[in-house]
Amino acid sequence: MKKYLAIRPIGLIFVPVMASAEKTRQFIIEKAAFLINQKGMAGTSISDIMAATKLAKGGIYGNFENKEEICREAFAYLMKYLNESIARVLQGRTSYKEKLLALLDHYRELAVNEGGGCPMQNFGTESDDTDPAIQSMVADAVRFTQNRISQLIKDGIQAGEFKDTVNAKEMSIKMFALIEGGILTSRIFGNNQQMKLIINMLRSEIAAFSV
């Protein structure tokens, strides 16, 4: 489906304005994203999305080919939302150690928020045998997240904040796996007690390889 942008003149400056159809499509994605993250791809029906958006079925299918497309766009939106929130958390931190600790605190809160938890975990679990396209998107998101942790550690080593004996790649995989496990137990038990324990363990490990 082609997308067109309207051009609104402001004096001698022409500013692109999102076309109505594009606004509707984005509205559907934003409303559906957290709903799908909470209820799952299989558990979220088109009727659920219609109820959340107050749009008729034609309004949904006029913007998306099928529910699978909505799910893909929803995952992309959720990851963009998550990564932008992480960027804000890291912004202004003066050391790589502070950045790592702030990242841990951010994930601790993510474990019990009302948005449904980590989209990589939710979409990844459901897509492993059913949707190769979303599975590939989740795999890319996991690699990006692990690489971000790894890069923070590498930069910290380069800056003299961390010992050069720490293996950045292995540590990033370990941190990611423990964090995701903590999020899972938090969602299951309805509290983040185990997540707090995991975060404290990781904080101790970061302290151990800090200079």
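Residues numbered from 1 in each chain as written. Predicted model: local features only at pLDDT ≥ 70, side-chain atom pairs only at ≥ 80, totals over all residues. Heavy atoms only, no water.

Undergrad: Which parts of the structure should I look at to understand the packing of aromatic side chains?
TA: Working definition: an aromatic ring pair is given by the centre-to-centre distance plus the angle between the planes. Taken as a whole and judged by the stated rule, the model has 5 aromatic pairs. Measuring from ring centre to ring centre gives 5.3 Å for Phe34 and Tyr81, while their planes differ by 85°; the resulting arrangement is edge-to-face. Of the two residues, Phe34 is situated in helix α1 (residues 20-39) and Tyr81 in helix α4 (residues 67-90); the sequence distance between them amounts to 47 residues. Residue Phe34 is classed as partly exposed on the basis of its relative accessible area, which comes to 27%. Here the aromatic rings of Phe162 and Phe209 are separated by 5.1 Å at their centres, their planes lie at 80°, and the arrangement is edge-to-face. Of this pair, Phe162 sits in the loop between α7 (132-158) and α8 (168-189) while Phe209 sits in the segment after α9 (193-208), placing them 47 residues apart in sequence. An aromatic cluster is present here, built from Phe34, Tyr77 and Tyr81 joined pairwise through their rings. (Phe/Tyr/Trp six-rings, centres within 6.5 Å; stacked < 30°, edge-to-face > 60°. Helix = DSSP H or I, 4+ residues; strand = E, 2+ residues; numbered from the N terminus. Buried < 20%, exposed > 50% of the residue type's maximum accessible area, 1.4 Å probe, protein only.)

Undergrad: Would you mind going over the confidence of the model for the protein chain with me for this structure?
TA: Segments scoring low in pLDDT should not have their predicted coordinates read at a detailed level. Chain-level pLDDT for the protein chain is 89 on average; 91% of the residues reach the 70-or-more range. Confidence drops under a pLDDT of 50 for residues 1-17, and excluding neighbours within four residues, the segment shows 21 contacts in the predicted structure. (pLDDT = per-residue confidence, 0-100. Contact = heavy atoms within 4.5 Å.)

Undergrad: How should helix α2 (residues 46-53) be read in this particular structure?
TA: Of all the positions in α2, only Ile46, Ile49 and Thr53 are classed as buried. Buried residues of α2 fall within an arc of 60° about the axis and therefore sit on the same side. Contacts made by the buried residues of α2 are with α1, α3 (57-61) and α4. Immediately beyond the C-terminal end of α2, within one or two residues, lies Lys54, with a positive phi of roughly 65°. (Arc of directions from axis to C-beta.)

Undergrad: Just checking my understanding: could you explain the nonpolar core for this structure?
TA: Nonpolar side chains in soluble globular proteins tend to end up buried together. If you look at the biggest cluster of nonpolar residues, it comprises 52 residues, and the most contacted ones within it are Leu100 and Met120. Breaking this core down by element, the ones donating at least two residues are α1, α2, α4, α5 (96-110), α6 (119-127), α7, α8 and α9. Among the elements that take part in this core, α4 stands out by supplying 10 residues, more than any other. (Core = buried A, V, L, I, M, F, W, Y, C linked by side-chain atoms within 4.5 Å.)

Undergrad: Is there a simple way to explain the side chain of Ser127 in this structure?
TA: For Ser127, the position within the fold is in helix α6. Relative accessible area serves as the criterion here: at 1%, Ser127 is assigned to the buried category. From its side chain, Ser127 meets the backbone oxygen of Phe123 in a polar contact 2.9 Å long. Not counting chain neighbours up to four residues away, the residues in contact with Ser127 comprise Met41, Ile134, Gln135 and Val138. (Polar contact = N/O pair within 3.5 Å; in protein donor to acceptor, adjacent residues only side chain to side chain.)

Undergrad: Please explain a nonpolar patch on the surface as it appears in this structure.
TA: Together, Leu184, Ile188 and Phe189 make up an exposed nonpolar region whose accessible area comes to about 330 Å². Along the polypeptide, Phe189 turns up in helix α8. Judged by relative accessible area, Phe189 falls into the exposed class, the value being 52%. (Patch = residues over 30% accessible without salt bridge, like charges linked within 9 Å, V, L, I, M, F, W, Y side chains within 5 Å. Areas by Shrake-Rupley, 256 points an atom, 1.4 Å probe, with all protein chains shown as cover. Salt bridge = Lys/Arg side-chain N within 4 Å of Asp/Glu carboxyl O.)

Undergrad: Would you mind going over α9 with me for this structure?
TA: Every α-helix carries 3.6 residues per turn, so stepping three or four residues along brings you back to the same face. Its 16 residues give α9 an end-to-end C-alpha distance of 23 Å, which sits within 8% of 22 Å, the value for a rise of 1.5 Å per residue. Where α9 is concerned, the buried positions are Met195, Ile198, Ile199, Leu202 and Ile206. Projected onto a plane normal to the axis of α9, the buried residues spread over an arc of 100° and lie on a single side. Turned more than 90 degrees away from the buried face of α9 sit Leu197 and Ala208, all of them exposed. Turning to α9, the residues buried within the fold contact α5 and α8. (Expected span 1.5 Å × (residues − 1).)

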